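A structural walkthrough
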Amino acid sequence: MAADRDSRGRAAARSGASVRATTRPRHRGEPVMIMIAAMAIALLLVQVSFLVAVPEPAPFSISLEVSTTALFLAAGLIAWRRRPHNRIGPLMLLTGLSIWLTSLTIAPVPLLAAIGTIAVTLPLAMTLHLVLAFPSGRVHGRAAVALVVIGYLVSLVLQAPLYLIGSGPLALTDSVAAQAWLPMIMVLQSGLGVSALVVAAVVIAHRARGADPVERRVLGPVVWYRIAVLLIVGAAALIGRFSGGSEAALIASHLQVAAIMGIPLVFLIGLLFGSFGRAGEVDELVAQIGAATPSTEQLTAAVADALGDPGAVVVFARSGQPGFVDAAGEKIELAADRTRRLHPVRYGGKIVGGIYYRHGLIADDALLDVLAGLVGMAMDQQRLVAEQSALVADLRAREAELQSSRRRLLQAEDTERRRIARDLHDGAQQHLVVLGMNARQLSRTSEDPSIARSAAEIADGMTGVLAEFRDLIAGIMPAPLLDRGLVPAVELLAERMPIPTRVTVRFVPERLAADAESTLYFLVSESLTNVVKHAGATSAEVIIGVADGVTPTVVTITVVDDGSGGVDPSRGTGLRGVADRIAAVGGTFQVDSTEGVGSSVYAEVPCG
C-alpha cells in the first residue's frame, strides 16, 4: 500500500518520447508450428531409415527423395507461418507428405507398404493441385477445378487396378482375363494424366496472357516455371510408363524429381519476397483486418511487413488538435528524423492517422495508398484508444504539475511560518520577557507603594501576555520543532496533554524535510486536540515509524485513542486542512473511527 501511494506521489509527466518500431507479435499458432516441425523431422528420419534399409541402397536416389520431402515440408512450414491466411503453405506440407508416403512401399511393415503402394502416384496429383492453386492456395475457375479432380482420379482411382490385379500383396485377383485389361487402363491413366498436365499448362499460359503488363512482369518468372514443371512432369511420366525401364526413363525420372524439387523454392521466394511478396503481405493484412480488428501492435507489424520496412509504425491523429500521437498517446515529432516521412491515412473523409516510414526503403508510393485504404477503418478505431491514452497522459502531466505546484506553495508557506515564528521568538517575545522582568524588578525596588503595586500588575499582565504569545508562536511553528525536530516536538506535545499520552518511536531519521516535518507535527497536534475536545478519551498514543521496504523513506504516524469514536473528517476544517497538507507533500491520510470503539488517524508522508 505504501509503495502504491509513494509511486502516485512521484508520478511525472511523459513527453518528447521517440517513435519506436513495434516488433512482430508472436504468432498465435506458434506451438502448433513447433509441433508440426517436430513431426516433419520425425517423418524424415523414418524415411531415411526405410531407404537405407533397402538392399544395395543407391545414395543418390536416397538423397534426392529425402531432399525433395524436406524441401516441401520446410517451405510449407515457412509459408504457413508467414502467410497464415494463405493455403499455399498447407498445400506444400501435404505435397511433402505425399512424397513421404511413396517411400513406405519399401517399409518392412505390410500395412505401411500397402499405404505406400496406394499413394505411389499421389505426388503427381498434389503437384498439379499446388501449381494451379498458386499464389492464393485456392483453385479458381471451373477448368482448373476440373483438372484438379481429374488429377486425383488418375492418381488414386485409375491407379487402383494396377495393384489390385496381378500377384502383388494387395492383389484381389490374378486371373488372365482381368490382367488383359491392365494395358488399356495404363494407357487411359497416362493419357488422362498427361492431358490434364498439358491442359493445366495451357490454362496458366492463357491467364498470364490476359493479365495486365505489371502483373505479367511481376509474375512472369513464376508463371513460366509452373508451365515448365507441368510439361516436364508429363513428359517424364510418359517416358517412364512406356520406355520399359531404360536409361532414358531413369534420366526422365531424375529430371521430373528435380523440376518438382524447385517448386517449393520458387513458390516460397515468390510468396515472400519482391513486389509479389509485398502483394502477399497486403493480402495477409486484409485477412487479418477481416478476421478481427487487430491491435495497434499487430497493425503496425502487418504494415511494416507489407512495406518491407521493419521500422514503419502507424500513428494517430487527435480530434481538433494538430499533430499525431503513437499508441501510448505520446506526441510524434515528425521533423525530428529527416529519413522518415508520414503518409496520411483517411477514413470517412478525414485524416485518422498516418504511416510513418523510411522513404528510402519504399520504391512504389502506390503501395502506401493501398495500405492506407486498407487500414483506415482499423486505425480509426485504434485512434480513439490512442486519443484516450493521450488524454490520460495529459491529465497525469497536469496532475503532476498541480502536485508540484501545491508542494511549492506549501514549502513557501512553511518557510514563511518558520521565519515569522523565529522573528517573533527572537524579537517580540524577548522584548516582552525583558519588559516583564523590568516591571517585576521595579515592583520590588520601588519605595513608592503605588508604583510598586502598578509595576507588579504590569509584570503579572506581561506574564499572561507572554504565555498567550508563546501559544501564538507554537500555533505558527513551535520552537521545539524548529530547533530539535519532529520526535522531540511530539514528545513535548504529549507531555502537555491533560490525559495520559504515550509516544512510541520506531526508527526515524533525526531530521526530515522541513515541509514534511511540519505537516506531520500539525497532524499530531490537530489529532490530539480533537481527542481532548471531542473524544472523551482516557488515554491516547502516538506511533511514529518508517514504512518497510520503501525507497525513498516514508514516515508513518498513527494517533489512536479509546474515546467515543464517530469522527467525521469532512465536518471540520482541522483534519481536512491537515489532509490537504499531506496530499500536497505526496502523502496519504486515513481516519478509522467507530462509535464507542475509538479513533485511529493514520498518515504516510515521503521524506526522501
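Let me begin by describing the structure that accompanies this report. (Residues numbered from 1 in each chain as written. Predicted model: local features only at pLDDT ≥ 70, side-chain atom pairs only at ≥ 80, totals over all residues. Heavy atoms only, no water.)

**Examining the overall build of the chain**
Note the threshold: Elements are defined by DSSP. Helices are runs of H or I of four residues or more, strands are runs of E of two residues or more, and each kind is numbered from the N terminus. Type-normalised accessible area, obtained with a 1.4 Å probe on protein chains alone, sets the label of each residue: buried when under 20%, exposed when over 50%, and partly exposed for intermediate values. Contacts: residue pairs with any heavy atoms within 4.5 Å of one another. Method for areas: the Shrake-Rupley scheme with a 1.4 Å probe, in which residue coverage is limited to the protein chains shown.
Looking only at helices and strands, the chain has 20 helices and 9 strands in total. By the burial criterion, 43% of the 608 residues in the chain qualify as buried. Summarising the internal contacts of the chain: among those between residues at least 6 apart in sequence, 69% fall at separations of at least 24. For the chain, the exposed area adds up to about 31,600 Å²; of that, 62% sits on carbon and sulfur atoms.

**Side note on the pairing of strand β1 (residues 313–318)**
This is how it is decided: A pair of strands is considered paired only if DSSP assigns at least 2 bridges between the two.
Here β1 lies mainly inside the structure; 6 of its 6 residues are buried. By the alternation rule, side chains of β1 split into Val313, Val315 and Ala317 and Val314, Phe316 and Arg318, which are all buried. Note: β1 against strand β4 (residues 350–358), 4 bridges, orientation antiparallel. The residue bridging phenylalanine 316 from the neighbouring strand is glycine 353, located in β4. Where β1 meets strand β2 (residues 321–325), 3 bridges bridge the pair, whose relative direction is antiparallel. If you follow alanine 317 over to β2, its bridge partner there is phenylalanine 324.

**Considering helix α18 (residues 486–495)**
Judged by how many residues are buried, α18 sits mostly within the fold: 7 of 10 residues are covered. Every buried residue of α18 is listed here: Leu486, Val487, Pro488, Ala489, Val490, Leu493 and Ala494. In the core, the buried residues of α18 are packed alongside α17 (479–484), β5 (501–505), α19 (514–535), β6 (540–546) and β7 (554–561).

**What about the pattern of salt bridges?**
Definition in use: Salt bridges, as used here, are contacts in which a Lys or Arg side-chain nitrogen is within 4 Å of a carboxyl oxygen on Asp or Glu.
Taken as a whole and judged by the stated rule, the model has 3 salt bridges. Residue arginine 440 pairs with aspartate 460 through a salt bridge whose shortest N-O separation is 2.6 Å. Linking arginine 440 in helix α15 (residues 365–445) with aspartate 460 in helix α16 (residues 449–476), this pair joins segments that are 20 residues apart in sequence. On the basis of relative accessibility, which here comes to 25%, the residue arginine 440 falls in the partly exposed class. The residue arginine 502 makes a salt bridge to glutamate 541 at a minimum N-O spacing of 3.2 Å. Of this pair, arginine 502 sits in strand β5 while glutamate 541 sits in strand β6; the two residues are 39 residues apart in sequence, bridging distant segments of the chain. Residue class for glutamate 541 comes out buried when judged on its relative accessible area of 15%.

**Remarks on the layout of surface pockets**
Cut-off, in case you're wondering: Buriedness for pockets is judged along seven lines, at least five of which must meet protein on both sides within 12 Å for an open set on the 1 Å grid over protein atoms alone, while cavities are sets there where a 1.4 Å probe fits but cannot get out, and lining residues have an atom within 4 Å of a point. Grid points are joined across faces, edges and corners, and a volume is the space filled by probe spheres set on the points. Just so you know the grouping, Ala, Val, Leu, Ile, Met, Phe, Trp, Tyr, Cys and Pro go in nonpolar, Asp, Glu, Lys and Arg go in charged, and all remaining residues, Gly too, go in polar.
In this structure, the largest pocket occupies an estimated 1,200 Å³ of space. Contributing to the lining of the largest pocket are 39 residues, with Val120, Thr121, Leu124, Ser253 and Gln256 lying nearest its centre. Here the lining of the largest pocket gets 8 residues from one element, more than from any other, and that element is helix α12 (residues 247–272). For the lining of the largest pocket, the class distribution of residues is 22 nonpolar, 15 polar and 2 charged.

**Describing the side chain of threonine 121**
Operational definition: Polar contacts, as used here, are pairs of N or O atoms within 3.5 Å; protein pairs need one atom able to donate a hydrogen and one able to accept it. Residues neighboring in sequence count only if both atoms are side-chain atoms.
As for its placement among the helices and strands, threonine 121 is situated in the loop between α5 (110–118) and α6 (122–133). Only 2.7 Å separates the side chain of threonine 121 from the backbone oxygen of serine 155, close enough to count as a polar contact. Contacts of threonine 121, omitting those with residues within four sequence positions, involve Ser155 and Gln159.

**Brief notes about the sheet that holds strand β9 (residues 598–606)**
Where we set the bar: Every axis corresponds to a line fitted to the C-alpha atoms, with the helix fit spanning only the stretch in contact, and the corresponding angles, defined between N-to-C directions, vary from 0 to 180 degrees.
Spatially, the 5 strands line up as an open sheet ordered β5-β6-β7-β9-β8, and their pairing is mixed. The sheet terminates laterally at β5 and β8 (588–594), the two strands that pair on one side only. Direction aside, neighbouring strands of the sheet carry axes that sit 10° apart on average. Across the sheet, α19 touches β5, β6, β7, β8 and β9, and the angle it forms with β7 is around 5°.

**Considerations on the pairing of β4**
As paired strands, strand β3 (residues 340–347) and β4 are joined by 8 bridges and run antiparallel to one another. Across the sheet, tyrosine 347 pairs through a bridge with lysine 350, a residue of β4. Linking β3 back to β4 in an antiparallel pair, the connection comprises 2 residues, with glycine 348 at a positive phi of about 65°.

**Considerations on the packing of helix α7 (residues 142–157) against helix α10 (residues 182–210)**
Describing two packed helices takes the angle between their axes plus the distance from one axis to the other. The condition is simple: Angle categories are assigned with fixed cut-offs, so that under 35 degrees is roughly parallel, over 145 is roughly antiparallel, 65 to 115 is roughly perpendicular, and the rest are oblique. The sense of a crossing depends on the near helix, which, turned anticlockwise from the far helix by less than a right angle, makes the crossing left-handed and, turned clockwise, makes it right-handed.
Two numbers describe how α7 lies on α10: the axes approach to 10 Å, and their chain directions differ by 155°. On the basis of the axis angle, α7 is roughly antiparallel to α10. Of the two possible hands of crossing, α7 and α10 adopt the one that is left-handed. Every residue of α10 that contacts α7 at Ala144, Leu147, Ile150 and Val154 is listed here: Gln189, Leu192, Gly193, Ala196, Val199, Ala200, Val203 and Arg207. A breakdown of the residues in the contact of α7 with α10 according to their chemical character gives 9 nonpolar, 2 polar and 1 charged.

**Brief notes about the nonpolar core**
The test is simple: The term nonpolar core refers to a set of buried residues drawn from Ala, Val, Leu, Ile, Met, Phe, Trp, Tyr and Cys, joined through side-chain atoms within 4.5 Å.
Met92, Leu130, Leu132, Leu230 and Phe267 are the most contacted members of the largest nonpolar core, which totals 42 residues. Broken down by secondary-structure element, the contributors of at least two residues to this core are α3 (59–82), α4 (88–102), α6, α7, α10, α11 (213–242) and α12. Apart from the residues lying within four places of it in its own chain, the contact partners of leucine 130 are Phe72, Ile88, Leu91, Met92, Thr95, Ile263 and Phe267. In terms of nonpolar packing, the next biggest core, distinct from the first, is built from 36 residues, Met477, Val487, Ala535 and Val601 among them.

**Here's the deal with a nonpolar patch on the surface**
For clarity, the threshold we go by: Exposure above 30% relative accessible area and the lack of any salt bridge qualify a residue for a patch; like charges then connect within 9 Å, and the nonpolar side chains Val, Leu, Ile, Met, Phe, Trp and Tyr within 5 Å.
Where nonpolar side chains cluster on the molecular surface, the patch consists of Ile118, Val145, Val149, Leu153, Leu156 and Val157 and spans about 460 Å² of accessible area. The element contributing the most residues to the nonpolar patch is α7, with 5 residues. Summarising the element assignment, valine 157 is placed in helix α7.

**Details of the packing of α6 against α10**
It is the contact of α6 with α10, at a shortest axis distance of 11 Å, that shows an interaxial angle of 10°. Here α10 runs roughly parallel to α6, going by the angle between their axes. Between α6 and α10, the contacting residues are Leu128, Val131 and Leu132 on the first element and Ala196, Leu197, Ala200, Ile204 and Arg207 on the second. Grouping the amino acids of the contact of α6 with α10 by side-chain chemistry returns 7 nonpolar, no polar and 1 charged.

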